[in-house]
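Structural description and commentary
Next come the chains, spelled out residue by residue.
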Amino acid sequence: MTVTSAGPAEQPVRDRLTDPSGVRSVLIALLAVVGSIAAVIVTAASAATALQLTGVPDPGWLTTYGMPVMTVIGQLSAAIGLGCVVFAAFFVPSQDNGALDVGGFRAMRWAATSMTVWAVCALAMIPLSISDVSGSPLSETLVPKNLMTAYGVVADGRYWLWTAIFAVLAAVVARVAMRWGWTFLAMALALLSLMPSALLGHSSAGGAHDLATNSLILHIVAAALWMGGLMAVLAYAFGDGRWRTLAVARYSRVAFWCLLVVALSGIINALVRMSLGDLLTTTYGLVAVGKFVAVVLAGLLGGLHRKVTIDELAATDEPRKSLFVRFAVVELVVFAVAFGLGAGLSRTPPPVLGTANVSPMELKIGYDLDGPPTFTKLFVDWRFDLIFGTFAIVAAIVYLRGVYRLHKRGDKWPVGRTVSWLLGCAALLIATSSGFGRYAPAMFSIHMMSHMMLSMLVPVLLVLGGPVTLALRAIPPAGRGNPPGPREWILTAIHSPYSRFITNPFIVVTLFVGSFYVLYLGGLFDAVVENHSAHLLMNLHFLVSGYLFYWLVIGIDPAPRQISPVAKLGVVWGSLPFHAFFGVALMMTGSIIAETYYRSLQHPWNFDMAADQRMGGGIAWATGEFPLVVVMLALLIQWHRQDDRAARRFDRKEERDDDAELESYNQMLRRMNATAPVSAEAETGADDLAAQGDGER
């Protein structure tokens, strides 16, 4: 669907929200009731089967039906909170001085309330989940002694506590935020509060749990942004918000991509737990089909909704808000049903639990490895990473689209930069989705290979691609008097105080090099290696820290902090010894890093952990030096080119000014020569020369 950007037609009749809080509260209550009813119906249909399969006593109706109800209310609140924060950040502009506009300010207050409700629901889920796992009635679980004892044993309780912590932090930041920049911190915390939910339930255990967890992460985030953004836009448009047409148009673009992500990730997540034949023959399959139908229906309603109502909202005389509201309310009710079905689905046993006949390795990492890695397996034996693999493909497509946009309007873009970016995306895909990514969780040496690719090779290639420069050239400016768009957001981010802080050379080097020592030699890797989320965070850290380092020393994009070429050489040379020492220390370490974890995998081949760790240290030593030497050469080339550009600029300036600077310098020398005092020796020498000349004549 094509949408037009905002124009003068959407200037306000009044620049304030008039949405009564009572109407909004009634709508949210309606969504909670609808979603809870759907969740309870699904739970009732599968509760007996779930108890039979798990073999635990019935904890009582309060736990059985309280869990899906709390899940629905909490997830709806989290979605509204995230949607309101994103609304304040991107859907409506802030004021010229950086302060939130009235629409963004009100949305952040709604986000604070919603995230508080999400935190309360998460705290309520702690005793409920303990009661469900133990089979004890909720009244017994709530006894402080029993609750504290079970909390240390039941992992679900700890996950829900982390959810509550992140939700409370997001609520606090949203409540005190007055400026646009604070919306990003609130957004990050709101997203973190959703992550523990992806690590619970069927997706976190059994075979292929890596695919299931990654797909569920994408599914939850996209669904929350889709539903929560619609709620924020509805309230804003209903209250005659100043930028209502702009907000709906921007949300429409986001909703389209959310629809695709939700649908595809939902299909992948369902098929991990069942076959196509189970779709219409099992309770789990029927609920999954019902949820998919609800998602598609919401997408169709949303597309029709915004196609019909955007032009109506742009009318300044009598905009038909009622038409927009009716469409939005129906779409939100369908969303609530989908959320309820999802909550009930998490309580419904899949056709095959996936944990009954799996090997220790499959139980730990999600799949089996049939033999040691070979050169062929590393490059042929692929397992697609839904998060980083998808990011690599999308990044390549978006970059090529920007290059095409420049080419279409007659501008040139260096081929070398395009090649560098595409090679970086390919290296990211190989590091996470090929045999390197497949064997990385099971072998320390392959993990180190993947680590070095993500922190040393991929960032170098991506930085040399100049993505920020391409974006600034390809994205048109918003124009004077128009609300800021993506180009202005990028410029604001580059020149923000946070960017200046994070690109401080000391901070960059500490993140890039110091994290090696903390992670592997400080014991952190041992503590987190069994968690799938830890592997995702490690890969993300390797990419970000490497990108920041190389952006600072060889980046061609505009940076918030400029340092001299000599300082850049100093940063590179200062990092070399730390890399070398890390590799040597890793090879000389007597103890086995994460020994318990690697032994629990029970490799089906002869696996010498000590030799594998020494090999990992050698890989870190060897591969860590080569990219830095290449960087140093690239830096010297850039330094030489910078001098050439400066010389050419000087020559062009002199040609325009008829060598004015050189002529000024010569005049200064002539004045100095004319006014300089003549010494006696100089006068005598001059007389001798004159006499000698007369004699010759």
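Keep in mind that this is a model prediction, so the values were computed, not measured.

All right, on to the packing of helix 6 (residues 155-176) against helix 7 (residues 182-198) then. A packed helix pair is summarised by two numbers, namely the angle formed by the two axes and the spacing between the axes. Remark: helix 6 packs on helix 7, axes separated minimally by 8 Å, with the N-to-C direction vectors making an angle of 165°. It follows that helix 6 is roughly antiparallel to helix 7 by the angle criterion. Considering the relative orientation of helix 6 and helix 7, their crossing is left-handed. For the pair helix 6 and helix 7, contact is made by Tyr-159, Trp-160, Trp-162, Thr-163, Phe-166, Ala-167, Leu-169, Ala-170, Val-173 and Ala-174 and by Trp-182, Leu-185, Ala-186, Leu-189, Ala-190, Leu-192, Ser-193, Pro-196 and Ser-197, respectively. Here the residues of the contact of helix 6 with helix 7 are counted per class, giving 16 nonpolar, 3 polar and no charged.

Inspection of the entire model under this criterion finds 29 aromatic pairs. Between Phe-444 and Phe-525, the aromatic rings sit 6.0 Å apart at their centres with planes inclined by 80°, giving edge-to-face as the arrangement. Of this pair, Phe-444 sits in helix 17 (residues 444-464) while Phe-525 sits in helix 22 (residues 524-528), placing them 81 residues apart in sequence. Owing to a relative accessible area of 2%, Phe-444 belongs among the buried residues under this scheme. For Phe-525, a relative accessible area of 1% gives the class buried. Each ring, one from Tyr-520 and one from Phe-582, has its centre 5.9 Å from the other, and the planes form 45°; the classification is tilted. Of the two residues, Tyr-520 is situated in helix 21 (residues 505-521) and Phe-582 in helix 24 (residues 565-588); the sequence distance between them amounts to 62 residues. Given a relative accessible area of 1%, Phe-582 falls into the buried group. Through a chain of ring-to-ring contacts, the aromatic side chains of Phe-444, Phe-512, Phe-516, Tyr-517, Tyr-520, Phe-525, Phe-549, Tyr-550, Phe-581 and Phe-582 assemble into a single cluster. Between Arg-417 and the ring centre of Trp-413, over which it is positioned, the NZ or CZ distance is 5.0 Å.

Let us look at a nonpolar patch on the surface. Together, Phe-256, Trp-257, Leu-260, Leu-264, Ile-267, Leu-271, Leu-276, Phe-292, Val-293, Val-296 and Leu-300 line one region of the surface with nonpolar side chains, adding up to about 1,100 Å² of accessible area. For the nonpolar patch, the elements supplying multiple residues, two or more each, are helix 9 (244-273) and helix 10 (283-314). In terms of residues, the nonpolar patch owes the most to one element, helix 9, which gives 6 residues. Tracing the sequence through the fold places Val-293 in helix 10. With a relative accessible area of 48%, Val-293 lands in the partly exposed category.

For the rest of this paragraph, the subject is the confidence of the model for the chain. Summing up the model confidence of the chain, the mean pLDDT is 81 and the portion of residues at 70 or higher is 82%. Confidence drops under a pLDDT of 50 for residues 689-697, and excluding neighbours within four residues, the segment shows 0 contacts in the predicted structure.

Once that is clear, we can look at helix 6. An ideal rise of 1.5 Å per residue puts 32 Å on 22 residues; helix 6 measures up with 32 Å between its terminal C-alpha atoms. Packing partners of the buried residues in helix 6 comprise helix 3 (102-134), helix 5 (144-151) and helix 7.

Under the definition given, this model contains 6 salt bridges. For Asp-370, the salt bridge is made with Lys-377, and the minimal N-O distance between the two is 3.2 Å. For Arg-409, the salt bridge is made with Asp-411, and the minimal N-O distance between the two is 2.7 Å. A relative accessible area of 42% places Arg-409 in the partly exposed class.

Turning our attention to the environment of Asn-214. As for its position among the elements, Asn-214 is in helix 8 (residues 209-238). For Asn-214, a relative accessible area of 3% puts it in the buried group. Between the C-alpha atoms of Asn-214 and Asn-269, which are 55 residues apart in sequence, the distance is 8.8 Å.

Of all hydrophobic cores here, the largest spans 166 residues; its most connected members are Phe-87, Trp-226, Met-227, Tyr-520, Phe-525, Tyr-550 and Tyr-598. The greatest single-element share of this core, amounting to 16 residues, is contributed by helix 8. In terms of nonpolar packing, the next biggest core, distinct from the first, is built from 9 residues, Met-274, Val-287, Ala-288 and Leu-341 among them.

Viewed as axis vectors pointing N to C, helix 3 and helix 7 meet at an angle of 25°, and their least axial separation amounts to 12 Å. What the angle tells us is that helix 3 and helix 7 run roughly parallel. Of the two elements, helix 3 crosses helix 7, and the hand of that crossing is left-handed. Residues Met-108, Met-115 and Trp-118 of helix 3 form the contact with helix 7, whose own contacting residues are Thr-183, Ala-186, Ala-190, Ser-193, Leu-194 and Ser-197. Tallied by class, residues from the contact of helix 3 with helix 7 come to 6 nonpolar, 3 polar and no charged.

What counts, and where the lines are drawn
- Residues numbered from 1 in each chain as written.
- Predicted model: local features only at pLDDT ≥ 70, side-chain atom pairs only at ≥ 80, totals over all residues.
- Heavy atoms only, no water.
- Axes fitted to C-alpha atoms, helices over the stretch in contact; angles between N-to-C directions.
- Helix = DSSP H or I, 4+ residues; strand = E, 2+ residues; numbered from the N terminus.
- Parallel < 35°, antiparallel > 145°, perpendicular 65-115°, else oblique.
- Left-handed = near helix turned anticlockwise from the far one by under 90°.
- Contact = heavy atoms within 4.5 Å.
- Nonpolar A, V, L, I, M, F, W, Y, C, P; charged D, E, K, R; others polar.
- Phe/Tyr/Trp six-rings, centres within 6.5 Å; stacked < 30°, edge-to-face > 60°.
- Buried < 20%, exposed > 50% of the residue type's maximum accessible area, 1.4 Å probe, protein only.
- Lys NZ or Arg CZ within 6 Å of the ring centre and 35° of its normal.
- Patch = residues over 30% accessible without salt bridge, like charges linked within 9 Å, V, L, I, M, F, W, Y side chains within 5 Å.
- Areas by Shrake-Rupley, 256 points an atom, 1.4 Å probe, with all protein chains shown as cover.
- Salt bridge = Lys/Arg side-chain N within 4 Å of Asp/Glu carboxyl O.
- pLDDT = per-residue confidence, 0-100.
- Expected span 1.5 Å × (residues − 1).
- Core = buried A, V, L, I, M, F, W, Y, C linked by side-chain atoms within 4.5 Å.

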